[in-house]
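What follows is each chain in one-letter form.
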Amino acid sequence: MGSVTLTNIRKSYGAVEVLHGIDLDIADGEFTVLVGPSGCGKSTLLRSIAGLETISDGEISLDGEIINKRQPKERDIAMVFQNYALYPHMTVAKNMAFSLRLAKEAQSEIDRKVKDAAEILDLVPLLDRYPRQLSGGQRQRVAMGRAIVRDPKVFLFDEPLSNLDAKLRVQMRAEIKELHQRLKTTTIYVTHDQIEAMTMADKIVVMRGGHVEQIGSPLELYDRPASVFVAGFIGSPAMNFLPGSAKGGAIQTPNGDVIQGLPDGIAEGRAVIAGVRPEDLRLADQGIAARVVVIEPTGAETQLMLRTADTDITLTTRDRVSVAPGDTVHLQIEPGKLHCFDAETEMSLRTDDT
């Protein structure tokens with residue numbers, strides 16, 4: 001078992017509080033991703049779970065047992081770091097075996113565990129090499145192997161792919177997810193990359209300024225963001241936002257465009273923000289007027305960077321479009337795809353929330 005419960009986790013550095021009462025339940029075997037911009041507290045929270053940071057208040061439980069006061073080595077948790085943290089003077093095999101030797105396990109058991117982990121990670125041909133002789137992806141596998149041999153209840157990953165190039169990140173993303181599906185060990189993964197979060201997680205925790213903004217599955221956060229922040233952070237390209245006000249059951253923008261789809265019960269004149277994802281816009285004969293600024297064909301899709309009188313808009317389409325920079329086009333929102341937020345609180349105004 002490896003269920004993790006965080007209750008009112010607070011962390012301060014002097015007078016500065018960086019974690020503001022985090023509550024989180026992570027089920028046994030779940031792959032949970034902590035995501036958010038730099039400085040949001042996600043790595044501090046992960047290091048607190050590992051015992052590398054001392055929390056100021058709250059409780060961290062593993063399978064119902066409070067582990068706050070335990071030393072990191074006593075928590076049955078293994079961590080994979082961003083910079084791999086390999087010993088340069090040790091071979092791959094010795095790096096992977098290091099924690100087992102510290103624990104004074106029998107050599108036969110060490111050899112077995114290292115061999116098993118190496119087979120899982122395709123490292124058998126590299127066991128006699130040194131870190132300097134490995135690529136970035138191979139070093140990351142060794143760091144993962146060092147965690148696997150401990151057979152912990154929980155794996156922690158702290159931005160493990162940020163030092164890799166784009167192509168290798170995609171490959172390693174799939175390998176880590178496949179590894180989780182094979183081992184079924186509870187995993188808590190920190191990243192600032194929302195694509196990593198969307199593609200890997202069973203559950204995403206979006207953090208901002210030491211608070212949790214929203215928790216949910218990738219598609220829950222994508223389809224039903226609770227705030228402007230979550231809506232803009234999850235999804236690439238980012239959601240478009242158009243300011244306006246409620247008028248006659250629709251949203252009227254400052255330049256006079258009318259957007260249908262306002263939730264019921266919104267008071268007349270209330271300041272709102274209309275949100276629409278780039279793929280939920282289409283070119284039409286009438287609708288929101290915008291000028292084409294940039295056209296980016298990528299092959300399967302084409303992105304149009306557009307500009308209205310008061311905001312920039314991105315449209316993504318799989319159709320072949322016959323427009324040029326400087327052209328004026330009109331946009332319609334696919335039925336049922338409009339998101340609406342309160343302009344003051346920036347929280348969602350879904351029909352069931354009003």
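Note that this is a predicted model, so its numbers are computed, not measured. Counting restarts for each chain, with residues numbered from 1 along the sequence as it is written. Only residues with pLDDT of at least 70 are given local features in this predicted model, and only at 80 or more are side-chain atom pairs given and counted; all residues enter the totals for whole chains, interfaces and linings. Side-chain metrics rest on all non-hydrogen atoms present in the structure, leaving aside hydrogens and water.

Take helix α4 (residues 136-148) next. Numbered from the N terminus, helices here are DSSP runs of H or I no shorter than four residues, and strands are runs of E no shorter than two. Helix span is expected to be 1.5 Å times the residue number reduced by one. For α4, with 13 residues, the first-to-last C-alpha span of 18 Å sits near the 18 Å given by 1.5 Å per residue. Think of it in three bands: with a 1.4 Å probe and only protein chains considered, a residue is buried below 20% of the maximum accessible area for its type, exposed above 50%, and partly exposed in between. Counting buried residues along α4, 11 of its 13 residues qualify, which places the element largely inside the surrounding structure. What α4 keeps buried is the set G137, Q138, Q140, R141, V142, A143, M144, G145, R146, A147 and I148. Working rule for contacts: check all heavy atoms of both residues, and any pair within 4.5 Å makes them a contact. Among the structural elements, β6 (77-80), α2 (92-102), α3 (107-120), β7 (154-158) and α5 (166-183) are those in contact with the buried residues of α4.

Moving on: the sheet that holds strand β17 (residues 302-307). Pairing between strands requires that DSSP locate at least two bridges from one strand to the other. Pairing in this open sheet of five strands is antiparallel, and the strands run β15-β19-β16-β17-β18 from one edge to the other. Strands with a single pairing partner mark the edges of an open sheet, and in this sheet they are β15 (281-284) and β18 (312-317). Between one strand axis and the next, the sheet turns through 50° on average, direction left out of account. Bridge count between strand β16 (residues 288-297) and strand β19 (residues 328-333): four bridges; the pairing is antiparallel. Considered in β19, the bridge of R291 is made with T328. The angle between two axes is taken between their N-to-C directions and runs from 0 to 180 degrees, where each axis is a line fitted to C-alpha atoms and a helix contributes only its stretch in contact.

Moving on, we get to the nonpolar core. Here the nonpolar core consists of buried residues drawn from Ala, Val, Leu, Ile, Met, Phe, Trp, Tyr and Cys, with membership extended through side-chain atoms lying within 4.5 Å. Grouped together as the largest cluster of nonpolar side chains are 46 residues, with contacts concentrated most on M96, M144, I176, Y189 and V206. Apart from the residues lying within four places of it in its own chain, the contact partners of V206 are V35, H211, V212, E213, Q214, L221, F229, V230 and I234. Among the nonpolar cores identified, the runner-up in size contains 25 residues, and L19, L45, L156 and M207 belong to it.

Across the sheet, five strands lie side by side as β13-β12-β11-β14-β20; this open sheet has antiparallel pairing. With one partner strand each, in any of the chains shown, β13 (258-259) and β20 (339-342) form the two edges of the open sheet. Inspection of the sheet shows strand β11 (residues 240-247) paired to strand β12 (residues 250-252) by three bridges, in the antiparallel sense. Within the sheet, the bridge partner assigned to A246 lies in β12 and is I251.

Now for the packing of α2 against α3. Taken N-terminus to C-terminus, the directions of α2 and α3 make an angle of 130°; their axes are 10 Å apart at the nearest point. Relative to α3, the element α2 lies oblique. Handedness of the crossing formed by α2 with α3: right-handed. When α2 is examined against α3, the residues A93, M96, A97, L100 and R101 are found in contact with a partner set consisting of Q107, I110, K113, V114, A117 and A118. Taken together, the residues of the contact of α2 with α3 break down into eight nonpolar, one polar and two charged. Working definition: roughly parallel below 35 degrees, roughly antiparallel above 145 degrees, roughly perpendicular at 65 to 115 degrees, and oblique for all remaining angles. In a left-handed crossing the near helix is turned counterclockwise from the far helix by less than a right angle, and in a right-handed crossing that turn is clockwise. Residue polarity is assigned by list, with Asp, Glu, Lys and Arg as charged and Ala, Val, Leu, Ile, Met, Phe, Trp, Tyr, Cys and Pro as nonpolar; anything else, Gly included, falls into the polar class.

This part is about the side chain of E53. With respect to the element layout, E53 can be found in the loop between α1 (42-50) and β4 (57-62). Separated by 3.2 Å, the side chains of E53 and Y13 make a polar contact. Leaving out residues up to four positions away in the same chain, E53 has contacts with K11, Y13, T44, R47 and S48. Pairing of N or O atoms within 3.5 Å defines a polar contact, subject to two protein rules: one partner must be a possible hydrogen donor and the other a possible acceptor, and residues neighboring in sequence count only if both atoms are side-chain atoms.

Looking now at the packing of aromatic side chains. Pairs of aromatic rings are described using the distance from one ring centre to the other and the angle between the two planes. Paired rings are identified among Phe, Tyr and Trp, the last through its six-membered ring, by centres lying within 6.5 Å, and are further divided according to the angle between planes into stacked (under 30 degrees), edge-to-face (over 60) and tilted (the rest). A complete count under the given rule lists six aromatic pairs for this structure. For the ring pair Y87 and F98, a centre distance of 4.8 Å and an interplane angle of 50° mean the geometry is tilted. Taken together, the residues Y87 in the loop between β6 and α2 and F98 in helix α2 connect sequence positions 11 residues apart. On the basis of relative accessibility, which here comes to 32%, the residue Y87 falls in the partly exposed class. Relative to F157, the ring of F155 lies with its centre 6.4 Å away and its plane at 65°, an arrangement referred to as edge-to-face. We classify F157 as buried; its relative accessible area is 4%. Aromatic ring contacts, followed pair by pair, group F31, F155, F157 and Y189 into a single cluster. Criterion for a charge above a ring: Lys NZ or Arg CZ within 6 Å of the ring centre, and within 35 degrees of the ring normal. In this structure, R132 is placed above the aromatic ring of Y130, and the distance from its NZ or CZ to the ring centre is 4.9 Å. One cation-aromatic arrangement involves R277 over Y222; the distance from NZ or CZ to the ring centre is 3.9 Å.

Turning next to the side chain of R75. With respect to the helices and strands, the residue R75 is situated in the loop between β5 (65-66) and β6. By the counting scheme adopted, Arg and Lys are positive, Glu and Asp are negative, and His together with the chain ends is not counted. Salt bridge, as used here, is a side-chain nitrogen of Lys or Arg placed within 4 Å of a carboxyl oxygen of Asp or Glu. Comment: no salt bridge for buried R75; closest opposite-charge side chain is E74, at 7.3 Å. When neighbours within four sequence positions are excluded, R75 is seen to be in contact with S48, I49, A50, G51, I60, L62, I67, N68, K69 and R70.

By the bridge criterion, six bridges tie β16 to β17 in an arrangement that is antiparallel. Along β17, the bridge assignment pairs P297 with T302. Direction of pairing for β17 relative to β18: antiparallel, over a ladder of six bridges. Pairing of L306 across the sheet is with I313, part of β18. Between β17 and β18, which pair antiparallel one after the other, the connecting turn spans four residues.

Right, let's talk about the domain arrangement of the protein for a bit. Note that the domain bounds reflect an automated or database-derived domain assignment. Annotation of the protein at the domain level lists domain 1 (4-232) and domain 2 (240-342). The C-alpha-based centres of domain 1 and domain 2 are spaced at 39 Å. Contacts between the two partners involve eight residues from domain 1 and, on the opposite side, six residues from domain 2. Summed over both partners, buried area is the accessible surface (1.4 Å probe) that two parts give up on being assembled. A combined buried area of about 620 Å² lies between domain 1 and domain 2, and 62% of that area is made up of carbon and sulfur atoms. When the area that domain 1 buries against domain 2 is broken down by residue, the three leading residues are Y222, V228 and A231, summing to 72%. In this structure, the connection of domain 1 to domain 2 is made through two residue pairs in polar contact (both at pLDDT 80 or more). Those elements that place two or more of their residues in the side of domain 1 that touches domain 2 are α7 (218-223) and α8 (228-233). Broken down by class, the residue content of the side of domain 1 that touches domain 2 amounts to five nonpolar, two polar and one charged.

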